[in-house]
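# Reading the structure
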Amino acid sequence: MRKDDNFIMLPTVDFCFAGLMENARVRKGFLAAVMKVSPEKIRETVLLPTILKRESEDDKLGILDVRVIMEDGAQVDIEMQVAYFAHWDKRVLFYLSRIYAGQLKKGEPYDRLKKCIHVSILDFVYFPNDTECCRTIHFRDDKTGEVYTDLMEIQILELKKLPEEVKSSEDVLAWMKFFSGKTKKEFEDMAKTNEYIGEAYNTLLELSADEKRRMEYEAREKALRDYNSQMQSAFKRGEEQGERRGEERGEKRGELRGIEKTRRIFQLHGQGKEPGEIAGICGMTEKEVEWVLFGE
């Protein structure tokens, strides 16, 4: 493979992000920013297995990007997601609930339960109606706004909303800017902002120089590109189909209906349903479903 001195892995590729989090100092710096505490207060973090245990054969398999346990027993699930995921909210609740409930063994008291945090780093806009790039979500009383419990917490970081000039002193914004980097120069500049991001930059350089890891990274990056291309193509076919069906029925919203239906088709297909079954659910013919899925 030809050496490229400017090549550097991008943290938005989950393979690279997981590699960064293998470094204890990088974990420490990022978790301190997420939890809004001084890094000195985080004395130890340990990576846990990312495949969640199934209690029965019927349970859905859970696979996380990075799962960390803190010294006080609190757990943090961190996931980097590049491609749009229609039901990300449900997925987050599924994994967070599994982690929270999985702390106790049979017969153990509830007071042993520790805080569980899910951090979603999204390279797409999930909340389109505001400009907030990072938010923290808890269970709250609808009337008073009082927090019911802080034992389950969700943090959403939307990289696409990050302003070009980060003026806030919040460390989490600096990490978001680092994760959003696209060139070696950008990462190098961000490395000067604090020692932990500097450590992350050095780790990026080491990962990028490892021939085996680079091949694995490029394979994963290609898979993501192919997936995004396939989805864009499928959405376009869905839009075209929606326009045709809308024109035939005199409906002005044919294009929107096509996009929504395409997403539904891929969701059902991802659940293992066959085209014939999907057709019945979506009110389409089997050939129409196959055309959206496979272009045939």
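Everything here concerns the structure above.
Anyway, here's the lowdown on the structure attached to this text. (Residues numbered from 1 in each chain as written. Predicted model: local features only at pLDDT ≥ 70, side-chain atom pairs only at ≥ 80, totals over all residues. Heavy atoms only, no water.)

## Focus on helix 4 (residues 171–179)
The buried fraction of helix 4 amounts to seven of the nine residues, a majority that puts the element mostly inside the structure. Looking only at helix 4, the buried set comprises Val 172, Leu 173, Ala 174, Trp 175, Met 176, Phe 178 and Phe 179. (Buried < 20%, exposed > 50% of the residue type's maximum accessible area, 1.4 Å probe, protein only. Helix = DSSP H or I, 4+ residues; strand = E, 2+ residues; numbered from the N terminus.)

## Quick look at the state of the cysteines
Following the criterion strictly, the structure yields zero disulfides and no others. Looking at Cys 134, it has no disulfide partner, and the nearest cysteine sulfur is the one in Cys 133, 4.3 Å off. (Disulfide = S-S within 2.5 Å.)

## Focus: unusual backbone geometry
Located in the positive-phi region is Lys 36, a residue other than glycine, with phi close to 55°. Relative to the elements of secondary structure, Lys 36 occurs in the loop between helix 2 (24–35) and strand 1 (45–47). What makes Lys 36 exposed here is its relative accessible area of 57%.

## Things to note about the side chain of Arg 135
Counting through the fold element by element, Arg 135 comes out in strand 7 (residues 134–140). A polar side-chain atom of Arg 135 sits 2.8 Å from a polar atom in the side chain of Asp 130. A distance of 3.5 Å separates a polar side-chain atom of Arg 135 from the backbone oxygen of Glu 132. Beyond its immediate stretch of four places on either side in the chain, Arg 135 contacts Phe 127, Asp 130, Ile 154, Gln 155, Ile 156, Glu 158 and Lys 161. (Polar contact = N/O pair within 3.5 Å; in protein donor to acceptor, adjacent residues only side chain to side chain. Contact = heavy atoms within 4.5 Å.)

## So, the nonpolar core
Counting residues in each nonpolar core, the largest one holds 48 residues, and the members touching the most others are Phe 30, Ile 78, Val 119, Ile 121, Trp 175, Phe 178 and Phe 179. Breaking this core down by element, the ones donating at least two residues are helix 1 (14–21), helix 2, strand 4 (66–70), strand 5 (75–81), strand 6 (116–122), helix 4, helix 5 (184–190) and helix 6 (195–209). No other element matches helix 4, which puts seven residues into this core. Sequence-distant contacts of Val 119, that is, excluding residues within four places in its chain, are made with Phe 30, Val 34, Val 76, Asp 77, Ile 78, Glu 79, Gln 155 and Leu 157. With 13 residues, the next largest nonpolar core counts Val 92, Leu 96, Phe 124 and Ile 156 among its residues. (Core = buried A, V, L, I, M, F, W, Y, C linked by side-chain atoms within 4.5 Å.)

## Some remarks on the packing of helix 4 against helix 6
With their axes 11 Å apart at the nearest point, helix 4 and helix 6 run at an angle of 15° to one another. Between helix 4 and helix 6, the interaxial angle falls into the category roughly parallel. Note on packing geometry: the crossing formed by helix 4 with helix 6 is right-handed. Mapping the contact onto sequence places Ala 174, Trp 175 and Phe 178 in helix 4 and Tyr 196, Ile 197, Ala 200, Tyr 201 and Leu 204 in helix 6. Tallied by class, residues from the contact of helix 4 with helix 6 come to eight nonpolar, no polar and no charged. (Axes fitted to C-alpha atoms, helices over the stretch in contact; angles between N-to-C directions. Parallel < 35°, antiparallel > 145°, perpendicular 65-115°, else oblique. Left-handed = near helix turned anticlockwise from the far one by under 90°. Nonpolar A, V, L, I, M, F, W, Y, C, P; charged D, E, K, R; others polar.)

## Examining the environment of Tyr 217
Counting through the fold element by element, Tyr 217 comes out in helix 7 (residues 211–249). Residue classification places Tyr 217 among the buried residues on the basis of a relative accessible area of 1%. For Tyr 217 and Val 13, which are 204 residues apart along the polypeptide, the C-alpha to C-alpha distance reads 7.8 Å. With residues up to four places along the chain from it excluded, the contact list for Tyr 217 reads Phe 7, Ile 8, Met 9, Leu 10, Val 13, Phe 15 and Cys 16.

## A look at the pattern of salt bridges
A full pass over the atoms with the stated rule returns 14 salt bridges. The salt bridge involving Asp 123 is made with Lys 160; its shortest N-O contact spans 3.8 Å. One end of the pair, Asp 123, is in the loop between strand 6 and strand 7; the other, Lys 160, is in the loop between strand 8 (147–158) and helix 4, with 37 residues separating them in the sequence. What makes Asp 123 buried here is its relative accessible area of 12%. (Salt bridge = Lys/Arg side-chain N within 4 Å of Asp/Glu carboxyl O.)

## Digging into the sheet that holds strand 1
Taken in spatial order, the six strands of this open sheet run 1-4-5-6-8-7, and their pairing is mixed. The sheet is open, and its two edges are formed by strand 1 and strand 7, each paired on a single side. Averaged over all adjacent pairs, the angle separating strand axes in this sheet is 20°, with direction ignored. One ladder, built from three bridges, connects strand 1 with strand 4; its direction is antiparallel. Paired with Leu 47 across the bridge in strand 4 is Val 68. On the sheet, helix 1 packs against strand 1, strand 4, strand 5 and strand 6 and is oriented at approximately 150° with respect to strand 5. Strands in contact with helix 3 (residues 88–101) are strand 4, strand 5, strand 6 and strand 8; relative to strand 6, the strand with the most contacts, it is inclined by about 150°. (Pairing = 2+ DSSP bridges.)

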